[in-house]
Each structure stands twice: as structure tokens, then as C-alpha cells.
Amino acid sequence: LLRGTVMIGSLLIWFSAVFITLVCILFVIFLLISLVDVEDDHVNPIHMCEKANKIIIPEYICQAVLVVLFLLTGYWVEVLLNLPLLLFHINRVQKREHLLDPTCIFSKTQTEKYIGMSKFVFYILTLFYYLYQIIAVATRAALGRKAF
């Protein structure tokens, strides 16, 4: 009974991590598409920045929730894996660089696209790692080994 409970708890943590990471991926994709659209003059910079700024803080919160989830459950490798991005987000908020400004968006588009693509690659890699962990926990449980 205890082994099944531990396995269910581990799977719940990993499925939560996958869900939160997918949400972050959607936020980053939306931001990247918005940046390309404003760069190509398909949308008004003011409207684009208003929409994009609404999802920046939720992305940062999702990343923080993920780190806290791993911290509270003792997944130290995953905390260390996600901590640099969380610290980057905290640094941007402290410097007030996290929101897009429509008056200077064209001069910052390339930098924001580079940051967005870097975060996209990070989220995709961690997503595959979390999916691997789900498979590993399920396999260990099926073989009767320790689940974490």
C-alpha cells in the first residue's frame, strides 16, 4: 500500500510538472508569435504589448510554482535545473525589464525573440525530462522497485 501511495505521489508531481511546463510553452509561443507579428507590422505595437504583458507574469508565476513544487517534494536536481531560469525571471522583474514597452519594442524585438527561443528550448527539454520521469516511475512501479 505504501509503495502504491509513493508511486501515485511521484506520478502526480511529474504530471503536474508536465502540465505547468506545457502552460509555460504556450505562453512563450504566444509571445514569440506576437513579436514576429509586430516586427512584420501585422499588429499594432500598443495592442501587442498589452496582450503580451498580460501573460509574462503568469509565466513567471508558473515557473516559480514549479520550483516550489520540486523544493517541497525534495527533487533537488530538478530545483537546480529550474533555478537559473527562475533567478533570471526575478532579475528581470527587479530591473523592471520584464514588461514590453510599445515605444521601444522595435529596438528590443531581436533580444526578446532570442530570450523567448532560449526559454522555449529550455521548456521543451525539461518537458521531455519530466515525461521520461513519468515513464521511469511507472516502469519501476510495474517491476516492483522503489518509485523515486
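Caption draft 1: Representation of the environment of Val68 in the model. As for its placement among the helices and strands, Val68 is situated in helix 2 (residues 45-73). When its relative accessible area of 41% is taken as the criterion, Val68 is described as partly exposed. Linking Val68 and Cys49, residues 19 residues apart in sequence, is a C-alpha distance of 29 Å.

Caption draft 2: Representation of helix 4 (residues 105-143). Over its 39 residues, helix 4 runs 54 Å from end to end, which matches the ideal 57 Å to within 8%, given 1.5 Å per residue. If you look at helix 4, its biggest bend is around 30°, right at Thr111.

Caption draft 3: Quick peek at the packing of helix 2 against helix 4. Close contact between helix 2 and helix 4 brings their axes to 13 Å; oriented N to C, the two are set at 35°. Viewed along their axes, helix 2 and helix 4 form a crossing whose handedness is left-handed. Taken together, the residues of helix 4 that come into contact with helix 2 (itself represented by Pro45, Met48, Cys49, Glu59, Tyr60, Gln63, Leu66 and Phe70) are Ile105, Phe106, Lys119, Phe122, Tyr123 and Tyr130. Looking at the contact of helix 2 with helix 4, its residues break down into 11 nonpolar, one polar and two charged.

Caption draft 4: Spotlight on the environment of Leu69. Within the secondary structure, Leu69 is located in helix 2. In sequence terms Leu69 and Val121 are 52 residues apart; their C-alpha atoms lie 21 Å from each other.

Caption draft 5: Focus on unusual backbone geometry. Its identity as a non-glycine residue notwithstanding, Arg96 has a phi of 60°, on the positive side. Positionally, Arg96 belongs in the loop between helix 3 (76-94) and helix 4. The exposed category is assigned to Arg96, whose relative accessible area is 70%.

Caption draft 6: View of the pattern of salt bridges. Considering all chains together, one arrives at three salt bridges under this definition. Measuring nitrogen to oxygen at the nearest pair gives 2.7 Å for the salt bridge that ties Glu39 to Lys113. Taken together, the residues span a long stretch of sequence, with Glu39 in helix 1 (residues 2-39) and Lys113 in helix 4 at a distance of 74 residues. Residue class for Glu39 comes out partly exposed when judged on its relative accessible area of 28%. With a closest N to O distance of 2.8 Å, Glu112 and Arg92 form a salt bridge.

Caption draft 7: Region of the structure containing the packing of aromatic side chains. By the definition in use, this model includes eight aromatic pairs. Pairing Phe70 with Tyr75 gives two aromatic rings, centres 6.2 Å apart and planes at 70°, and the pair type is edge-to-face. Classification of Tyr75 by relative accessible area gives buried; the value is 14%. Joined through ring pairs, the aromatic side chains of Trp14, Phe70, Tyr75, Tyr129 and Tyr130 make up one cluster.

Caption draft 8: Structural view of the nonpolar core. Of all hydrophobic cores here, the largest spans 37 residues; its most connected members are Trp14, Met48, Phe70, Leu100, Ile105, Tyr123 and Tyr130. Among the elements of the structure, helix 1, helix 2, helix 3 and helix 4 are those that each provide at least two residues to this core. Considering every element that reaches this core, the biggest residue donor is helix 1, with 15 residues. Discounting chain neighbours no more than four positions away, the residues touching Ile105 are Leu35, Val38, Pro45, Met48, Cys49 and Leu100.

Analysis parameters
Residues numbered from 1 in each chain as written. Predicted model: local features only at pLDDT ≥ 70, side-chain atom pairs only at ≥ 80, totals over all residues. Heavy atoms only, no water. Helix = DSSP H or I, 4+ residues; strand = E, 2+ residues; numbered from the N terminus. Buried < 20%, exposed > 50% of the residue type's maximum accessible area, 1.4 Å probe, protein only. Expected span 1.5 Å × (residues − 1). Bend = angle between axes of the 7 residues up to and from the residue. Axes fitted to C-alpha atoms, helices over the stretch in contact; angles between N-to-C directions. Left-handed = near helix turned anticlockwise from the far one by under 90°. Contact = heavy atoms within 4.5 Å. Nonpolar A, V, L, I, M, F, W, Y, C, P; charged D, E, K, R; others polar. Salt bridge = Lys/Arg side-chain N within 4 Å of Asp/Glu carboxyl O. Phe/Tyr/Trp six-rings, centres within 6.5 Å; stacked < 30°, edge-to-face > 60°. Core = buried A, V, L, I, M, F, W, Y, C linked by side-chain atoms within 4.5 Å.

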